[in-house]
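Examining the three-dimensional arrangement
These are the residues of each chain, in order.
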Amino acid sequence: MSGARTSALATLRSQIERIETAEVVHQHERVALGHGEADSALKGGLARAAVHEVFCEGRQGAAATGFVIGLAGRVSARRPLLWVRQDFSEIETGALSMSGLSELGLDPRRVVMVRAADVESALRTSADALACDALGAVVLELWGEIRQFDLVASRKLTLAAQGSGVTGLLLRMAAQPLPSTAETRWMLRAAHSPPGPMWSAWGAPRFDAELLRNRHGPCGRWIMEWNCDECQFSEPSTYSQPVAAAPTHRSDPAVPWQRRTA
Amino acid sequence: MGTGSREENASKQKDEPSVVVIKDNNALVIHALDDAASRLGLHIGQPLANARAMCPDLRVFDADVVADAKTLSDIADWCDRFTPLVALDPPHGLFLDITGCAHLFGGEAALLQTLVRALARQGFAVSAAIAGTSVCARTLTRQATGTIVADGEEAEAISSFPVSALGAGEAVTTGLRRAGLKTIGDVASRTPSEITARFGARFSTLLAHALGQGDAPINPRKPLPDYIVEKRFAEPIATDTMIAMTLSRLADTLIASMEKQGKGARRLEAAFFRTDGVVRAIMVETGRPVTRSAVIDRLFRERLDALADPLDPGFGFDMVRLSASRTEIVVQEQRDLDAHVHDNDELAALIDRIAARIGGKRVVVHLPQDTHIPESAVLAAPAQHHLTAAMQAEWPVRTESEPPLRPLRLFDKPEPIKVPFATVPDGPPHQFTWRRALHAVVRVEGPERIAMEWWRQDGKQLTRDYFRIEDAEGLRFWIFRDGLYEGEVFDGDGKPASPGWYVHGLFA
């Protein structure tokens, strides 16, 4: 091979390398969700600078919203959160309540809401916002099957997220997954509270989260619980209410009693 | 400084006299007429029956007062090219304050000529005059159109006109004529006290203004912008690239002139003057004072892109004007040391861009309100104006180690549910139907009683008992009973009725 060709090949190789590394420049940043198995499937946590999709059935909208808020709370790291929603979804599942958001441990002061009239303006606004690196995360809430959200639109969002390092979260209610460039795709359902008497309080929000697609690891399905105080996910607890810890420096009072009855 | 423009009905046959009639006291009277009709001796205010008797082949049109007002307002828009201070003088007149503007058009005479010619070309009959006071100019338009009266010569200029030129109303004009005061000069020769005693203070003030003694302020339609830059084109422009280029050049000039005084713009308006007289104004507002022309440029690009009815150049724009109508003094901050300040600026700029695209009311931040009523506990306010307030708002602190007490999704209007029965009168339901699906209640917590605000005018609502409920699927609802069981809800006969149940929100 002549010298000129070799050098041309070398130039092309280095160009390709540069293009490839540009795409993965932010990919090393992963935020642990707090749920052990999910984190290990995600290779350490949810990737920043990428787009993640959360799907749910129509009536599971609130559960999926809670899960998205959890993800946004993990990745945004005290930076502003832009929430873009379509007018129609507010009628179907109710408006996102800031009191409810603060009950989940997030700061409503950091939330800016965009009420887009239609899908086009919602998509355009979120692509614009994903390119703004002052934000922590951009949530795009869409209701129903949407023709306009195709592979091209999805690619636009992904590119914008990669360029700025902002995480995009798509909340797709009452929709079926379609091919997209998302990093992960989740299907969300509400999970039962741990068993207990009817009049006992429920515990923390619980999600039955199914990881349908994961670009860099296996999929799976877990029950995940959101811890409002520590603002992270965790393995499901057995009791809905916090239980007093057993004393470590005294013997278990139940043990001698059992022995007496035996 | 005043012009009176009068719209005439464009009649195809010039020789046939035509009039516009309006209903006044149950009789049709002449509202406006053309030259042919006035040559026949018809006059405004004459009953149509009399006019028909004088001239049987009269063409009659119905007056459309609303359309007239719209046309006058359109003409006023067009007149914005001469001065930013344009005031309406209904029903047919406009006042233009051309102080300091005349030299831009080659002097007062040239300006008057340009204006009259341009309007006449569009089919309007115009009478215009320039004088030191608005009332004097209006008087001049009625008798001597095209006159320019220098300061201090008003009394001389109008003294020979009949009193009707003052436009003081039918009663006063007749009264003056009966008193033998035929011309304005006659009236002016009397002492003001005599005139006031006979015709009232209002007329004597009008007379004084007409004679150049003091002036009534005109009432401009738009507030005067703080900064105006504009570009005129000998050859009208129509392409998007030219429009964009013009706007960005104008933005540079505007920023340069604001920078000298340390100002930044909060509200910007671009006005596009079409050659055929249509003016389109586009407004952009920002949350923080803008000091960079690139930002202005981008905001207008977003706005123009997203217009529901795009900018129609028609035969082209012959003038583009950019004005800053609200400006603020910019405090220069040191940016580089504090990344947080920089982030907030970026966010504000993003909000401005989105607002320019989809409207300022659609980008909101949330402010907590001091009330227990769930639906009014949070106020959504436009982000452009309330971003700082929202960032510093004090939200109620959540109780540690408690599950969420307020739902994540709240319905704007609580949705009614069907509850077959409750085990105990004040208790929660065992099952309920919401949106045609039956939900069996597995977990209940409550009630949380929220009483309405009786001290408010609209506070006469029922007390609500809220329950947090989980169904067999794990869905969590926030439902309430509207009204206490005994003593709050009554049916038509005044007997106690069972209260209704509603879903108000959904928990995660």
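All right, on to the overall build of chain A then. A tally of regular secondary structure across chain A gives 8 helices and 12 strands. For chain A, buried positions account for 52% of its 262 residues. Relative to all contacts within chain A whose residues are 6 or more apart in sequence, the contacts with residues 24 or more apart total 73%. With the model as given, the accessible surface of chain A reaches about 11,900 Å², and the carbon-plus-sulfur share is 55%.

A tally of regular secondary structure across chain B gives 14 helices and 19 strands. For 508 residues, the compact-globule formula gives about 23 Å, and the C-alpha radius of gyration of chain B, at 34 Å, lies well above that figure. Along the first, second and third principal axes, the C-alpha set of chain B runs to 95 × 70 × 50 Å. Scored against the burial criterion, the 508 residues of chain B give a buried share of 43%. Taking as baseline every contact in chain B between residues at least 6 positions apart, the subset at least 24 positions apart corresponds to 56%.

Turning our attention to empty space enclosed by the protein. Under the defined criterion, the tally for this structure stands at 5 cavities of 30 Å³ or more. Empty space within the largest cavity amounts to approximately 100 Å³. As for the largest cavity, its lining consists of 14 residues, of which A62(A), A63(A), L475(B), R476(B) and F507(B) are closest to the centre. Within the lining of the largest cavity, the residues separate by chemical class into 9 nonpolar, 2 polar and 3 charged.

Looking now at the sheet that holds strand 3 (residues 27-33) of chain B. Residue and element names in this part refer to chain B. Here 3 strands make up an open sheet; going across it, the order is 3-2-4 and the pairing mixed. Of all strands in the sheet, those with a lone pairing partner are strand 3 and strand 4 (59-62), marking the two edges. Strand-to-strand twist across the sheet, computed as the mean angle between neighbouring axes with direction ignored, equals 45°. As judged from the 4 bridges shared by strand 2 (residues 18-24) and strand 4, these two strands associate in the parallel manner. Across the sheet, the residue bridging to V19 is V60, located in strand 4.

Once that is clear, we can look at the nonpolar core. Of all hydrophobic cores here, the largest spans 63 residues; its most connected members are F67(A), W83(A), W186(A), L188(A) and M224(A). With 39 residues, the next largest nonpolar core counts V112(A), C132(A), A355(B) and L367(B) among its residues.

Residue and element names in this part refer to chain A. Relative to strand 10 (residues 206-214), strand 9 (residues 184-190) is paired through 7 bridges, and the arrangement is antiparallel. Residue pairing for strand 10: T184 is matched across the bridge by N214. With 6 bridges connecting them, strand 10 and strand 11 (residues 220-227) associate as antiparallel partners. In the sheet register, L211 faces strand 11, and the bridge partner there is G220. Counted along the chain from strand 10 to the antiparallel partner strand 11, the turn is 5 residues long.

Taken together, the contacts link 58 residues of chain B with 70 residues of chain A. A buried area of about 5,500 Å², summed over both sides, lies between chain B and chain A, and 55% of it is on carbon and sulfur atoms. It is L408(B), R409(B) and R443(B) in chain B that bury the most area against chain A; as a group they hold 16% of the surface buried on that side. Taken together, chain B and chain A are joined by 9 salt bridges.

Considering all chains together, one arrives at 0 disulfides over all chains under this definition. C56(A) takes part in no disulfide bond, and the closest cysteine sulfur, belonging to C219(A), lies 18 Å away. A residue is classified by how much of its surface remains accessible, and C56(A), at 1% relative accessible area, is buried. With no disulfide of its own, C101(B) lies closest to C79(B) among cysteine sulfurs, the gap being 12 Å.

Moving on, we get to the packing of aromatic side chains. All names here are of chain B. Taken as a whole, this structure holds 20 aromatic pairs over all chains when the rule is applied. Summarising the aromatic geometry, the rings of F272 and F317 are spaced 5.3 Å apart at their centres and angled 50° between planes, so their arrangement reads as tilted. Taken as a pair, F272 in strand 9 (residues 263-274) and F317 in strand 11 (residues 317-329) lie far apart in primary sequence, 45 residues in all. Here the aromatic rings of Y466 and W478 are separated by 4.1 Å at their centres, their planes lie at 20°, and the arrangement is stacked. Of the two residues, Y466 is situated in strand 17 (residues 464-471) and W478 in strand 18 (residues 476-482); the sequence distance between them amounts to 12 residues. For the residue pair Y466 and W478, the accessibility class agrees, reading buried in each case. R464 extends its terminal NZ or CZ atom over the ring of F480, reaching a point 4.8 Å from the ring centre.

About the criteria used
- Residues numbered from 1 in each chain as written.
- Chains lettered and ligands numbered in written order.
- Predicted model: local features only at pLDDT ≥ 70, side-chain atom pairs only at ≥ 80, totals over all residues.
- Heavy atoms only, no water.
- Helix = DSSP H or I, 4+ residues; strand = E, 2+ residues; numbered from the N terminus.
- Buried < 20%, exposed > 50% of the residue type's maximum accessible area, 1.4 Å probe, protein only.
- Contact = heavy atoms within 4.5 Å.
- Areas by Shrake-Rupley, 256 points an atom, 1.4 Å probe, with all protein chains shown as cover.
- Rg over C-alpha atoms; globule rule 2.2 N^0.38 Å.
- 1 Å grid on protein atoms, 1.4 Å probe; cavity = no way out; pocket = protein on both sides within 12 Å on 5 of 7 lines; lining within 4 Å.
- Points joined across faces, edges and corners; volume = space filled by probe spheres on them.
- Nonpolar A, V, L, I, M, F, W, Y, C, P; charged D, E, K, R; others polar.
- Pairing = 2+ DSSP bridges.
- Axes fitted to C-alpha atoms, helices over the stretch in contact; angles between N-to-C directions.
- Core = buried A, V, L, I, M, F, W, Y, C linked by side-chain atoms within 4.5 Å.
- Buried area = accessible area lost by both parts, 1.4 Å probe.
- Salt bridge = Lys/Arg side-chain N within 4 Å of Asp/Glu carboxyl O.
- Disulfide = S-S within 2.5 Å.
- Phe/Tyr/Trp six-rings, centres within 6.5 Å; stacked < 30°, edge-to-face > 60°.
- Lys NZ or Arg CZ within 6 Å of the ring centre and 35° of its normal.

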